Amino acid sequence: MHAESLLELLRGRFSAAIGDILNQPAEQIDPIVRPSADSRFGDYQCNAAMSLARAAGCKPRELAERIAARVRLDDVAEAPEIAGPGFINVRLRDDWLASRIGGIPQAGAADRLDIPPRARVQRVIVDYSSPNIAKQMHVGHIRSTIIGDVIARVLAFLGDDVIRQNHVGDWGTQMGMVILGIWHVFRLETGGRCADAAALVGHFAAAAAEVGAGADPAARRARLVALGEEMSQALSTERSAEWGKWLGEFEAGRTRIAATLEVLTSAYRFVNAVEDAPESAEIGVRDPLRSRPVPLARLSNHIVAEMLHARHEEELHAWRIAREVSLRETQSMYERLGVLLRPEDVCGESFFHDRLEATVAELRGRLIERDRSQPAAAPYGVVRDDHGAVCVFLYDEKHEPQFRNPDGEALPLLIRKSDGAFLYATTDLAAVRYRIEELGARRLIYVTDARQVQHFRQFFAAARAVGWACHEVSLEHVTFGSVMGEDRRPLKTRSGATIRLSELLDEAEERVAAVIRDRQSAVGAEAADAEVRSLARAIGVAAVKYADLKNDRNSDYVFSWDKMVALQGNTAPYLLYAYARLRSILREAAADGGPQHRDAASASAAEIVLGHTAERALALRLLRFREALAVVAADLTPHVLCSYVYDLSSDLTQFYEACPVLKAPDARTRDSRLRLCDLTARTLKLGLELLGIQPIERI
RNA sequence: GCGCCUGUAGCUCAGCCGGACAGAGCAGCGGAUUUCUAAUCCGCCGGUCGGAGGUUCGAAUCCUCUCAGGCGCGCCA
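Keep in mind the model is a prediction, meaning the values are calculated, not measured. (Residues numbered from 1 in each chain as written. Chains lettered and ligands numbered in written order. Predicted model: local features only at pLDDT ≥ 70, side-chain atom pairs only at ≥ 80, totals over all residues. Heavy atoms only, no water.)

As a further point, take the overall build of chain A. Of regular secondary structure, chain A possesses 25 helices and 15 strands. Among the 699 residues that make up chain A, the fraction classed as buried is 53%. Put simply, of all contacts in chain A between residues at least 6 apart along the chain, 71% involve residues at least 24 apart. When the accessible area of chain A is evaluated, it comes to approximately 31500 Å², of which 49% is carbon and sulfur surface. Between the averaged position of the 88 positive side-chain charges in chain A and that of its 97 negative side-chain charges there is a distance of 2 Å. (Helix = DSSP H or I, 4+ residues; strand = E, 2+ residues; numbered from the N terminus. Buried < 20%, exposed > 50% of the residue type's maximum accessible area, 1.4 Å probe, protein only. Contact = heavy atoms within 4.5 Å. Areas by Shrake-Rupley, 256 points an atom, 1.4 Å probe, with all protein chains shown as cover. Lys, Arg positive; Asp, Glu negative; His and termini not counted. Charge placed at Lys NZ, Arg CZ, Asp CG, Glu CD.)

Turning our eyes to something else, we now look at the protein's contact with RNA strand B. Near RNA strand B there are 63 residues, and of these R40, K417, R488, R519 and Y577 occur at the shortest range. S418 places a main-chain nitrogen or oxygen 2.7 Å from a base oxygen of RNA strand B. A distance of 3.1 Å separates a base nitrogen of RNA strand B from a polar atom in the backbone of I699. Listing elements by their share of the surface near RNA strand B, those giving two or more residues are α2 (48-56), β4 (87-90), β10 (389-395), α16 (453-465), α17 (501-523), β15 (557-558), α20 (572-591) and α24 (638-658). Per-element accounting of the surface near RNA strand B gives the leading share, 7 residues, to α20. Classifying every residue of the surface near RNA strand B by side-chain character gives 27 nonpolar, 17 polar and 19 charged. (Near = heavy atom within 4 Å. Polar contact = N/O pair within 3.5 Å; in protein donor to acceptor, adjacent residues only side chain to side chain. Nonpolar A, V, L, I, M, F, W, Y, C, P; charged D, E, K, R; others polar.)

Chain-level pLDDT for chain A is 90 on average; 97% of the residues reach the 70-or-more range. A low-confidence stretch, residues 594-600 (pLDDT under 50), is modelled with 12 contacts involving residues beyond four sequence positions or located in other chains. (pLDDT = per-residue confidence, 0-100.)

The strand order across the open sheet built from 3 strands is β9-β10-β11, with neighbouring strands paired in antiparallel fashion. Each having just a single partner strand, β9 (380-386) and β11 (413-416) make up the two edges of the open sheet. Neighbour to neighbour, the strand axes of the sheet diverge by 30° on average, direction disregarded. The pairing of β9 with β10 spans 7 bridges and is classified as antiparallel. Residue pairing in the sheet places D386 in a bridge with A389 of β10. Seen against the sheet, α16 touches β9, β10 and β11 and runs at an angle of roughly 85° to β10. (Pairing = 2+ DSSP bridges. Axes fitted to C-alpha atoms, helices over the stretch in contact; angles between N-to-C directions.)

Examined at the domain level, chain A breaks down into domain 1 (6-92), domain 2 (173-341), domain 3 (350-480), domain 4 (501-558) and domain 5 (572-690). Relative to domain 5, the C-alpha centre of domain 2 lies at a distance of 56 Å. (Domains from an automatic or database assignment.)

Summed over all chains, the structure comprises 51 salt bridges. In this structure, D20 and R70 form a salt bridge, with 3.5 Å as the shortest nitrogen-oxygen distance. Pair noted here: D20 is in helix α1 (residues 6-22) and R70 is in helix α3 (residues 60-70), with a separation of 50 residues, a long-range link. Here D20 falls in the partly exposed class, since its relative accessible area comes to 45%. Note that E230 and R193 form a salt bridge whose closest N and O atoms lie 3.6 Å from each other. Placement of E230 in helix α8 (residues 217-231) and of R193 in the loop between α6 (173-190) and α7 (197-210) is noted, with a sequence separation of 37 residues between them. Accessibility expressed as a relative area gives 18% for E230, which makes it buried. A single salt-bridge network, built from bridges that share partners, covers D43, R91, D94 and R616. (Salt bridge = Lys/Arg side-chain N within 4 Å of Asp/Glu carboxyl O.)

A pair of packed helices is captured by two measures, namely the crossing angle of their axes and the spacing between those axes. For the pair α6 and helix α10 (residues 261-276), the least separation of the axes is 8 Å and the interaxial angle reads 110°. With respect to α10, the element α6 is oriented roughly perpendicular. Side by side, α6 and α10 meet where Q174, M177, V178, L180, G181, I182, H184 and V185 of the first sit next to V263, L264, A267, Y268, F270, V271, N272 and E275 of the second. By residue class, the composition of the contact of α6 with α10 is 11 nonpolar, 4 polar and 1 charged. (Parallel < 35°, antiparallel > 145°, perpendicular 65-115°, else oblique.)

Our focus in this paragraph is unusual backbone geometry. Non-glycine residue N23 carries a positive phi angle of around 60°. Relative to the assigned elements, N23 resides in the loop between α1 and β1 (33-35). Exposure remark for N23: the relative accessible area of 72% places this residue in the exposed category. Look at H399: it is not a glycine, yet its phi comes out positive at around 70°. Among the residues examined, H399 registers a relative accessible area of 10% and is labelled buried.

Turning our attention to helix α9 (residues 240-252). Over its 13 residues, α9 runs 18 Å from end to end, which matches the ideal 18 Å to within 8%, given 1.5 Å per residue. Among all positions in α9, only S240, W243, W246, L247 and F250 are buried. Projection of α9 onto a plane perpendicular to its axis shows the buried side chains occupying an angular sector of 130°, all on one side. Counted as exposed and oriented over 90 degrees from the buried face of α9: A241 and K245. Residues of α9 that are buried in the fold lie against α6, α10 and α12 (313-337). G253 sits one or two positions beyond α9 and adopts a positive phi of about 80°. (Expected span 1.5 Å × (residues − 1). Arc of directions from axis to C-beta.)

What follows is the structure in structure tokens.
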């Protein structure tokens, strides 16, 4: 197993040579070694001579000569060549490439090719996916889920101690709406108004329409007043016994209407429509425990506040039911997507809610006013109350606000609302502390959309100011752009509704199935329907994921069905096909073993011969895998890995066209090529797996 | 108003911590098939890198200004 990549090796050699020449420690020198853009200039180039010439007191070309004469490369490369103003071109020796390829160990139980795990293990948190579980997962959740998963996989593969954290939204007002929705289910079910789930869902849809924006205002108002009257019973303690008993039945599945996500979602939509209606702000709901009525528009909010104090056991019970149902659905979506998140990675808002009070208290105690007559030693924060809200104001060393509002005034980070409720900044701060102090994290990675940059900057600054995140801890916000439709607007259905993730995957599968059937009728082949469906399932998910990953994550990406399921170009089907072709060769090699039995296994010890340029290009590409991984891990850019597997597949198909394997001219060539196939298959498989894409053995 | 992101070929995008004539894919045109899976490969066509200055031996890349688009800017997350 080699400790370093080709790039690292050459970098080390050039640093040493330049260090000698300039009489400086090699570690302080950036030798500017890059892969060559054009193969005519060799495989790698050192560009340091031009920039260092002045410091060395000679002409760039002259310095290049000296470096080239000094650098020790004879064991790995041809004699370096100097070109242009002072480029030093390096062409690796074919026999060295061959021996290096030959040094890649055979596949073990967990195949890591020749890539050693990092020497220095650090604990890394990857916070990703994090949906609000009051609603079904939709396209808005896909990017964080998919991108975060790749980051977690790559870092874990390279040897980091990765802890996945799914910071689900399971405690906010929206969960209050679901709870209130369940209460409505209870009323309707026990009132005998809805016989089954279908009737109930229909009822909620109709009732939501009655209070929606399209309804007649007078009728709407009357309806809302009646609802407000009815809902006051939701706050009444006398009904607790019946409501509590029913919840037990509901949870156990003994009610006529089962606790499914569909039921809960329709109930949620209804409550949401009620609270969103313009009149709801003025309509009061009588609370027997309070002198003042609660505005209908804020009833869910109120219920969450009540829950917080655990005053109503029933609401907590309803919350648990809603959470369970929703998380089950979320988990099955992760499984369908092939995402590694498990139930035990869920650590959401509810986990932190009883730490929030202390979080605010501690911030208040530690972020105190500073003496402004002297510059501060570092950026700092100050907690102040403003209009009843608790705010963290963040300043730089010169006491200038780090953040400003549209009027140019200091923009605080709110950690407690004037009504006493906490905000997501509070939870994020409680979580950052938990992750550093209790989970021992040294690198915290948050995968969320780019619109939240300001929030992350603020709360990172606050976490630093209060001292929970010291300098050794890295806080990283991994941003990504939006998913756009082909009309350049955020992706929606034709009617303007958000697209559920399950619908998206269904459609992907259908489209892939159509493409497969197309192909087959073109070729005159016929496959069993079940086979087409199972292929479509695998390729459909792969296509969606790959399309999301292949572009630089920061740019908005244009969602195109035709492009993602295309069989040509940089797409998942192309990659999977390349892999399947390889597997096919390796299978046949194993099958026609014969007396010599030159199957994949025995070939994996064969000597590598790089006679053809396509073989050489493939070999070099294989050895560059870890360069790609290093970039992905450092910059958290999955698209670099996509580019790599595409380039590898591209090199492979060129090799495939030019170099017969099973029909190779002689046994030595055949074994060498078989081994190249084996290594390419393993590299491609590993690359795809790190992208969260399951390779397919046969297409 | 301030801040962040994005402008590269007809389309979708790489390249952006400075390096050789700016690269892919798709689309278009022309070739290759008694296939180790043609869901492939090869060739051609196609670009004032939004614009203008500046720094540099060298700028798509760094700086300044500017134009265009998107997003964000205290009690939602």
